[in-house]
Amino acid sequence: MRTYASRLRKVLSPGVLVSESGGYAVRLTDESGVGASLDLALAQELAADAEKAKTTGDLCHARALLNKALSLWDGEVLASVPGPYAETQRARLEEWRLQLIESRLDMDLEQGCHAEAISELTALTAAHPLRERLRELLMLALYRSGRQAEALAAYADTRRLLADELGVDPRPGLQELQQRILQADPGLAEPSAPLATETAAGPVRPAQLPASVSDFTGRTSFVSELSDVLAAASASEGRVMAVSALAGIGGVGKTTLAVHVAHRARNAFPDGQLYVDLQGAGARAVAPETVLGSFLRALGTADAAIPDSLEERAALYRSTLDGRRVLVLLDNARDAAQVRPLLPGMEGCAALVTSRVRMVDLAGAHLVDLDVMSPEEALQLFTKIVGEERVASERESALDVVAACGFLPLAIRIAASRLAARRTWTVSVLAAKLADERRRLDELQAGDLAVKATFELGYGQLEPAQARAFRLLGLADGPDISLAAAAAALDLPVDETEDLLESLVDTSLLESAAPGRYRYHDLVRLYARACAERDEQPPGERAAAMSRLLDFYLATAARVYAIERPGDRTVDHLEVTHQAGQEFNDDGKALDWLHSEAASILACVQQSLGAETLRRGVDLLLAAKDLTESGASSLTYEVATRAARDAADALGDSHAAGRARVTLTQVLSTAGRFDEAAEEAEQATALGQAANDPWTSGNAPNELGIIAICKNEHAAGEAHLLNAIDAFRADGNRPGEASALCNLSRVLVSMDRTAAGIELVQQGISIYDELGLTVRLANARYALGIAFGHAGRRTEALEQLAEALKIFVENRQRLWEGTTHFRIAQVHLAARRPAQAAQHAEQALSTGCIGGDWMRANVLTLLGRSLDGLGQADRARACWNEALTIHQEAGAPEAAELRGLLTPVAAA
């Protein structure tokens, strides 16, 4: 950076580039206050001064000022700066340069410098053959130099060129100059003689709006909002021009909505309605000066009275609209720069603008972001096109169709039109065709309508870096992606990535889901992937981007895991990553990240089950285990874990298969499916030994011990947990050792070896305290609370359980929170406090517990006992009946206890 700054200082004037606040700034005035302006600003000042000098009759000074302004051009403007904005500015400044040259040449002729001007005019007309003003000046210079024949020949060349290239005749002013030369008009010899102008025709009332669609559907709030804006503009007391700019993805119905609203508002604009398709999404957007020429003609201005320059045409356009009430619909605009010259600028007038770009830089505009239809609106549009009878009998299939269309109006219209044209198809046939994601975009085309072609227009406008980002980020399956994750996938700095993604949001190819988060419309994502397959070079870059994304998630999840469990050896056994991951300055933000990224993390796991990335995908599940323990993403986590297990089995990777099975065991235990969990854990134990994986060798028997506790298989549980302790100690995994000690204490307590159990759990707490652990310390205090309760030390038991509950709540371990409420209720019931027991049991039911339906039945049993102690026998019986049903369906031994409870209640 310092090198670049040094080079810039050598080029710029002193004091322009300054050091400030640890960075650099460009100052347009130096320390002495002397102006150090941009060339453009200086040229504008010189041109304005030249115009003033010309007005006062000082042509020599005016010419000198213009020459000085023109000397500031040095090669191509904004050379090598890519993008549509730079291209627009290049065209605008080149047009202005030519106008300045024409003005200076006009003054040359006014001062009698005819011969000197001919050479320059000859070169300029060769470079700009269709510019009639230059031809006019050349003819006049030749004539005043005594070269009448050449002047007439220049006109003949001009007429032939315009006929061949554009199929038009020279403008009337040029034709009149030819006649005056033929007649040797003495007035042409006078330098100050003005050229003839044409008179304008009277004003007319244009009505250019396209037809509105007959099946316009929904959009009620948008129609009302836009109609209110137009109504306010057309009111007699209206003081400003109204501009509403509609932005949205291609195919979302911007034009349809704008045309519909414009037709509703026609009566409010009695002096006419103008319309133009600016073709902003295409390769060649319509130039504003071309549109202004068309608008001026439509408003009754004669061709000869229409000036050449953009500025002059815009000024005449505004003057023509003065005092008139006209609505202008500017459809499919490229950007605000294309739109600004076309705005009426008069009170009582209004403009509706549609664009794929959000026109945040269009001052005073009422911005409207048009989203896809609601499911109800989408189904309504589909039904209008297909017919009520066909849709009514297959409503579910119709909902599948509009959902596959992403509720995008263009896609729905195409799908419905295809179905309407094929009487032998059912709605379910169309739904089946659209169900194949790889074929969906190809199916969504009918006639000249195609969703893919609509997206292609926007994609074709992207700069290379934008297009790459669009392609690669579309590969990720998650519902959205964070800025940090996107930067990792693209292998770019965060600031540069943000600029790229925000520019894609501006083009409506990407959506801003929330600050720092981005998402694709479903159909746009499919298109982005198709572009990646077609355009991404080398092809391996697709896999590389997904690998970088996986690395980012794994490295960051590992950091969260380490924050929650300092000293845990799990992070040491994870696969090595090449991404550093995201950093956190407090524990709360680390957990925030994990839960906010849950869906994206688990989607990434499912995309990472190939041979090259399988182990990292499985390890990402290990690092993100808090997602299942919190209960927030249990189902999705289980689906991803099963997929990882099956992929590891298919690839014969015992290392990954063992870890995946341990993770699945934890999911199943949390859900209370203990038999299935035990089977997975047994296989994991064997796989861990075969792969010599210390992580699996310790965690698999630990999980088997937990399952044995829940199944009251105490001897087996003791054996499993002793094996786990040995494995954890061999690995130097002290948190793992503490976990197994706490679990073993529960086994001993259940075997009435309470003192030994309390001693073991206190050993575990000592380890956790030494390491500064939080979440696992809560598990230890939970176990100690159970032991104290079994020993009759109820006050101590409640203290430990209350501390555990606090930690679980702080760390968002919802299922453990509910389970702790259950244990607190047990202590209160044993102390003959049924009201407090019932309160905590209810909280356990509402929160959820580790152990799924099995634990829910246990909570209901406890709640029934508490209610029975409060004299609420009927409610107690209802709880026990529900618990009995759950245990009977599972074949659990606890069913016998419930039958015993229900018998005396029934007898009473």
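Parameters and conventions
Residues numbered from 1 in each chain as written. Predicted model: local features only at pLDDT ≥ 70, side-chain atom pairs only at ≥ 80, totals over all residues. Heavy atoms only, no water. Helix = DSSP H or I, 4+ residues; strand = E, 2+ residues; numbered from the N terminus. Rg over C-alpha atoms; globule rule 2.2 N^0.38 Å. Contact = heavy atoms within 4.5 Å. Areas by Shrake-Rupley, 256 points an atom, 1.4 Å probe, with all protein chains shown as cover. Lys, Arg positive; Asp, Glu negative; His and termini not counted. Charge placed at Lys NZ, Arg CZ, Asp CG, Glu CD. Axes fitted to C-alpha atoms, helices over the stretch in contact; angles between N-to-C directions. Parallel < 35°, antiparallel > 145°, perpendicular 65-115°, else oblique. Left-handed = near helix turned anticlockwise from the far one by under 90°. Core = buried A, V, L, I, M, F, W, Y, C linked by side-chain atoms within 4.5 Å. Buried < 20%, exposed > 50% of the residue type's maximum accessible area, 1.4 Å probe, protein only. Pairing = 2+ DSSP bridges. pLDDT = per-residue confidence, 0-100. Patch = residues over 30% accessible without salt bridge, like charges linked within 9 Å, V, L, I, M, F, W, Y side chains within 5 Å. Salt bridge = Lys/Arg side-chain N within 4 Å of Asp/Glu carboxyl O. Phe/Tyr/Trp six-rings, centres within 6.5 Å; stacked < 30°, edge-to-face > 60°. Lys NZ or Arg CZ within 6 Å of the ring centre and 35° of its normal.

Participant: Hey, could you go over the overall build of the protein for me, with residue numbers and the actual values?
Facilitator: Along its length, the protein carries 43 helices and 12 strands. In terms of overall dimensions, the protein is more spread out than a globule: its C-alpha atoms have a radius of gyration of 39 Å, far above the 29 Å expected for 908 residues. Along the first, second and third principal axes, the C-alpha atoms of the protein reach 125 × 70 × 55 Å. Here the analysis covers contacts within the protein between residues at least 6 apart in sequence; of these, 66% occur between residues at least 24 apart. Split by element, the accessible area of the protein, about 40100 Å² in all, is 50% carbon and sulfur. Of the side-chain charges in the protein, 91 are positive and 124 negative, and the distance between the mean point of each set is 2 Å.

Participant: Could you give an account of the packing of helix α41 (residues 852–869) against helix α42 (residues 873–890), naming the residues involved and the relevant values?
Facilitator: At a closest axis distance of 8 Å, the pairing of α41 and α42 adopts a crossing angle of 160°. Compared by their axis directions, α41 and α42 come out roughly antiparallel. Judged by the twist between their axes, the crossing of α41 over α42 is left-handed. Listed contacts from α42 to D853, W854, R856, A857, N858, L860, T861, L863, G864, R865, L867 and D868 of α41 are A873, R875, A876, C879, W880, E882, A883, I886 and H887.

Participant: Can you explain the nonpolar core? Please cite residues and give values.
Facilitator: F382, V451, F470 and Y553 are the most contacted members of the largest nonpolar core, which totals 128 residues. Examining the composition of this core, we find that 10 residues originate from one element, helix α25 (residues 540–564), more than from any other. If we skip the residues at most four places from it in the chain, F470 touches Y459, L462, L504, L509, Y520, V524, Y527 and A528. Judged by nonpolar contacts, the second largest core, of 40 residues, contains L744, I765, Y782 and A783.

Participant: Can you lay out the sheet that holds strand β6 (residues 350–355) for me, pointing to particular residues and giving the numbers?
Facilitator: Read from one edge of the open sheet, five strands run β4-β5-β6-β3-β7, paired in parallel fashion. Whereas interior strands pair on both sides, the edge strands pair on one side only; in this sheet they are β4 (273–277) and β7 (366–369). Geometrically, the sheet is characterised by an average inter-axis angle of 15° between neighbouring strands, direction not taken into account. When strand β3 (residues 242–247) meets β6, the two strands line up parallel, connected through six bridges.

Participant: Could you give an account of the confidence of the model for the protein, naming the residues involved and the relevant values?
Facilitator: Close inspection of predicted coordinates is inappropriate in any region flagged by low pLDDT. When pLDDT is averaged across the protein, the result is 87; 93% of the residues are at 70 or more. With pLDDT under 50 throughout, residues 30–36 is counted as low confidence; its partners more than four residues away or in other chains account for 10 contacts.

Participant: Provide a residue-level description of a negative patch on the surface, including the pertinent values.
Facilitator: A surface patch of like charges, here negative, comprises D495, E496, E498, D499, E502 and D506. Judged by relative accessible area, which is 57%, D495 ranks as exposed.

Participant: Please give an account of the packing of aromatic side chains that cites residues and values.
Facilitator: Applying the stated criterion across every chain, the model contains 14 aromatic pairs. Arranged with centres 5.7 Å apart and planes meeting at 40°, the rings of Y459 and F470 form a pair that is tilted. One end of the pair, Y459, is in helix α20 (residues 451–460); the other, F470, is in helix α21 (residues 464–473), and 11 residues separate them in sequence. Accessibility assignment for this pair places Y459 and F470 in one class, buried. In textbook terms, an aromatic cluster arises when at least three aromatic residues are bridged by ring pairs, as seen for F455, Y459, F470, Y520 and Y527. Between the NZ or CZ atom of R422 and the centre of the ring of W425, over which it lies, the distance is 5.0 Å. Positioned above the aromatic ring of Y561 is the side chain of R565, whose terminal nitrogen or guanidinium carbon lies 4.3 Å from the ring centre.

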